[in-house]
Amino acid sequence: IGLSQGVKTNGFDKFLKKQRLEMEPVVVTGLPEKDRLSLTYTAISSDLFLSLSGTGWGAATVDKENNLIISFTNDSSVTLKATSLQSFEPGLLAHSFRHLYNLNFQQLSALSRFEIANLRKYSFDTYSDLSIPEENRSQLKNRSSLFLAELKKANIDDAVKQISVK
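All figures in this text were calculated on a predicted structure; none of them were measured in a lab. (Residues numbered from 1 in each chain as written. Predicted model: local features only at pLDDT ≥ 70, side-chain atom pairs only at ≥ 80, totals over all residues. Heavy atoms only, no water.)

With respect to the packing of aromatic side chains
Inference 1: Taken as a whole and judged by the stated rule, the model has 3 aromatic pairs.
Inference 2: Here the aromatic rings of Tyr-122 and Tyr-127 are separated by 5.3 Å at their centres, their planes lie at 55°, and the arrangement is tilted.
Inference 3: Classification of Tyr-127 by relative accessible area gives partly exposed; the value is 43%.
Inference 4: In this structure, Arg-120 packs its charged tip against the face of Tyr-127, placed 3.7 Å from the ring centre.
Inference 5: The lysine or arginine in question, Lys-121, covers the ring of Phe-97, its NZ or CZ lying 3.6 Å from the ring centre. (Phe/Tyr/Trp six-rings, centres within 6.5 Å; stacked < 30°, edge-to-face > 60°. Buried < 20%, exposed > 50% of the residue type's maximum accessible area, 1.4 Å probe, protein only. Lys NZ or Arg CZ within 6 Å of the ring centre and 35° of its normal.)

Right under this line is the structure:
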């Protein structure tokens, strides 16, 4: 079975004993030379996650439930929470990190409909802001839409919607 373009993994994880869907990372370009940033979506069963990885910008420790605020070009925003206490890896030229945030169906739906303008990533009481270059905005929106479509194909979206209802 071939994977759709943009899908890294889609199958049963025999160690977790759950369905796993992971997208290829989207690299955010147009940043200062020492900074690298990529965004990845993952679903493990009905649990959805957004992962930020990179060097330079955002390389700090985040505490459980520290916010990642994503603002859109239409002045709306969504706020994601860190899954746990997560650190960074010190490096000679730049520090690197991979931080995981919980994501729900409504937030993913907004990410698939609107273009991301800015990120604000909290680390305890401080934060780092990043403006998303215009050349990346549609690519990030398209990857969000593709992730949503893949969830629907795998019937994961129904389980997510049922769990998200309050």
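Some words on the pattern of salt bridges
Inference 1: Throughout the structure, instances matching the rule amount to 4 salt bridges.
Inference 2: Here Asp-129 and Arg-120 are joined by a salt bridge, their closest N and O atoms 2.6 Å apart.
Inference 3: Taking the relative accessible area as the measure of exposure, Asp-129 reaches 45% and is therefore partly exposed.
Inference 4: Residue classification places Arg-120 among the partly exposed positions, given a relative accessible area of 26%.
Inference 5: Beyond isolated ion pairs, a larger network of salt bridges with shared partners links Lys-8, Arg-20 and Glu-22. (Salt bridge = Lys/Arg side-chain N within 4 Å of Asp/Glu carboxyl O.)

Side note on the pairing of strand β4 (residues 36-44)
Inference 1: Taking burial as the measure, the 9 residues of β4 include 8 buried ones, the bulk of the element.
Inference 2: Two strands pair when backbone bridges link them, and strand β2 (residues 18-23) and β4 are joined in this way by 3 bridges, in the antiparallel orientation. Of the residues in β4, the one forming a bridge with Glu-22 is Thr-42.
Inference 3: Here β4 pairs with strand β5 (residues 47-55) via 9 bridges, running antiparallel. Within the sheet, the bridge partner assigned to Thr-40 lies in β5 and is Ser-51.
Inference 4: As consecutive antiparallel partners, β4 and β5 are separated by 2 residues, and within that stretch Ser-45 has a phi angle of approximately 55°, a positive value. (Helix = DSSP H or I, 4+ residues; strand = E, 2+ residues; numbered from the N terminus. Pairing = 2+ DSSP bridges.)

Comments concerning helix α2 (residues 134-153)
Inference 1: A rise of 1.5 Å per residue sets the reference length of α2, with its 20 residues, at 28 Å; its end C-alpha atoms lie 30 Å apart and thus fit the reference within 8%.
Inference 2: Those residues of α2 not exposed but buried are Asn-136, Arg-137, Leu-140, Arg-143, Ser-144, Phe-147, Leu-148, Glu-150 and Leu-151. Projection of α2 onto a plane perpendicular to its axis shows the buried side chains occupying an angular sector of 160°, all on one side. Opposite the buried face of α2, at more than 90 degrees from it, the exposed residues are Glu-134, Glu-135 and Lys-153.
Inference 3: Phi turns positive, to about 60°, at Asn-155, one or two residues after α2. (Expected span 1.5 Å × (residues − 1). Arc of directions from axis to C-beta.)

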